[in-house]
Amino acid sequence: MTPGPAAVRALALLGTGALAVALLPQLLPLLVIAVVLLLAAAVVEATQLRAVRVNVQRPEKVVLSLDETESYRIGVTTSADFPVEMEIHQRWPEIVEQRSSTKTALCRPGEVVEFDFPLHAVERGVAAVEPPSFRLTRRRFVDRIVRAGAPAEMAVTPNLAAVARLHRQLNQFFLRGYGSRTSPRLGKGREFDRMRDYVRGDELRDVAWKATARHRRLIVREFRLDRSQDIILCLDTGHRMAARVGHVRRLDHAVNASMLVAYVCNRMEDRVGIVSFHSHVEKGVPPARGTSQLRQITQYATAVHPFYRHTDYLSLAVDLRRRIRHRSLIFLMTVLPELEDHHDLLRAVRMLSSQHLVLVTVFADVQLKAASQILPADKHELTSVIVARELWESRLALTRQLRAFGALVVDTPPEQFGVDSVNAYLDVKRRQLL
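Please read all numbers here as calculations on a predicted model, not as lab measurements. (Residues numbered from 1 in each chain as written. Predicted model: local features only at pLDDT ≥ 70, side-chain atom pairs only at ≥ 80, totals over all residues. Heavy atoms only, no water.)

> Honestly, the sheet that holds strand 5 (residues 84–91) in this entry has me stumped. Any pointers?
The strands making up a sheet are joined through hydrogen bonds of the backbone, oriented either antiparallel or parallel. Taken together, 5 strands build an open sheet; the order of strands is 1-10-9-5-6 and the sheet is antiparallel. A single partner strand is all that each edge strand has here, and the edge strands are strand 1 (2–3) and strand 6 (100–107). Contacts from helix 2 (residues 28–50) reach strand 9 (133–137) and strand 10 (142–147) within the one sheet, and its direction differs from that of strand 10 by about 20°. (Pairing = 2+ DSSP bridges. Helix = DSSP H or I, 4+ residues; strand = E, 2+ residues; numbered from the N terminus. Contact = heavy atoms within 4.5 Å. Axes fitted to C-alpha atoms, helices over the stretch in contact; angles between N-to-C directions.)

Below, the structure is given as structure tokens:
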């Protein structure tokens, strides 16, 4: 129990009255009566509040999407037969941006008061949510502080809310074209379509010699473009991906982007897999498609965390060359390395590009670009601009070299990382580059 605001104000007035007693002694009986009444009111209110039980209704486990603002609701009832003013104070774990929240409400007898807390998830993981504490009062002479409710659990997963929004948009797009059918696209794919007579210009490697001998005329096989192609999402979990952009790590932006790309790949009937790497390559999830595959990718991406280790691009290239036999889209999500590490990335991309299509999605360094373009005002700023311009030019040179080796490069800011990754994948499918 602690003194309430009304008791504090009354004590301040009584203190002023005590000073007046020195001038007017006849006020002393009134002052004593006022003190007795104040103490009586405080004792009565304390006795009433002590008998009040607080019941808290909240989910035992709540799941939030990374980098999304979602609502956390707490319902409160009391056993009192009189209105109770309450102030709720809730401390939050470190996986959300808010450190604590405080709200006030008036809870009447038999009423359920709902407190709605907006939370912004900034880090993947699971953490305990401690019970909230309450400050209860009736007439504000006494405040009772009590903690109520059972501990709860909070989990932050990759941004499934963005996937749900994309799902609704794709469904609306599908309904607009409901009833239409997509004809197979002919080309140099691996899926057999039909046999037909030979015409001038057909390649001899497409001739079906057994059918030719049987029909006694040249017959060729015709193929169509593959509908199910392999997409490998490669997440860099090295030390560069551990840096935060705002409240969210770079790796978390990449994880959110991988979930969006995986969902779109599944809708496009492609097989998608995921792997993470730093100084060595993790096992990952092999390419497949379907709802169960998306569930495995979600579980794997949720458990991915950054390591303060060197990123070994050559190790990734060797591992993918060993595991993947046919042409696939290698989706590399990383941060462009410094000058001394350019060589390893270039060798890895060159090694993979001989068999696969490499798509490198990197985080744009907006601050470095701005620092390289300012007009220096003194010698100190001139030195900073020269260094920034040298780093920026080396970044542009690395991008040109990657493209010269046949890789596609998408340089995008963190807040657009997921959308631009999906657009890059759709552009590959549209241009039939794979």
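Additional details are given in the paragraphs that follow.
> Sorry, what's going on with the packing of aromatic side chains here?
Describing an aromatic ring pair means giving the distance of the ring centres and the angle of the ring planes. Counting across every chain of the model gives 5 aromatic pairs. When the ring of Phe115 is compared with that of Phe117, the centres are 6.5 Å apart and the planes differ by 20°; the resulting orientation is stacked. Phe115 sits in the buried class, given a relative accessible area of 3%. Ring centres 4.2 Å apart and planes at 15° place the aromatic pair Phe363 and Phe417 in the stacked group. Of this pair, Phe363 sits in strand 20 (residues 357–363) while Phe417 sits in helix 11 (residues 417–431), placing them 54 residues apart in sequence. Of the residues examined, Phe363 reaches a relative accessible area of 3% and is grouped as buried. On the basis of relative accessibility, which here comes to 0%, the residue Phe417 falls in the buried class. (Phe/Tyr/Trp six-rings, centres within 6.5 Å; stacked < 30°, edge-to-face > 60°. Buried < 20%, exposed > 50% of the residue type's maximum accessible area, 1.4 Å probe, protein only.)

> I keep staring at the nonpolar core and nothing clicks. Help me out?
As a rule of thumb, soluble globular proteins bury nonpolar side chains together. Formed by 37 residues in total, the largest nonpolar core has its most connected members in Ile231, Leu233, Ile274, Leu329, Phe331 and Met333. Elements supplying a minimum of two residues to this core: strand 14 (230–236), helix 5 (250–267), strand 17 (271–277), helix 6 (291–302), strand 19 (329–334), strand 20 and helix 11. Per-element tally for this core: the top contributor is helix 5, with 11 residues. Not counting the four nearest positions on each side in its chain, Phe331 is found in contact with Ile231, Ile232, Leu233, Cys234, Val261, Leu359, Thr361, Ser421 and Tyr425. (Core = buried A, V, L, I, M, F, W, Y, C linked by side-chain atoms within 4.5 Å.)

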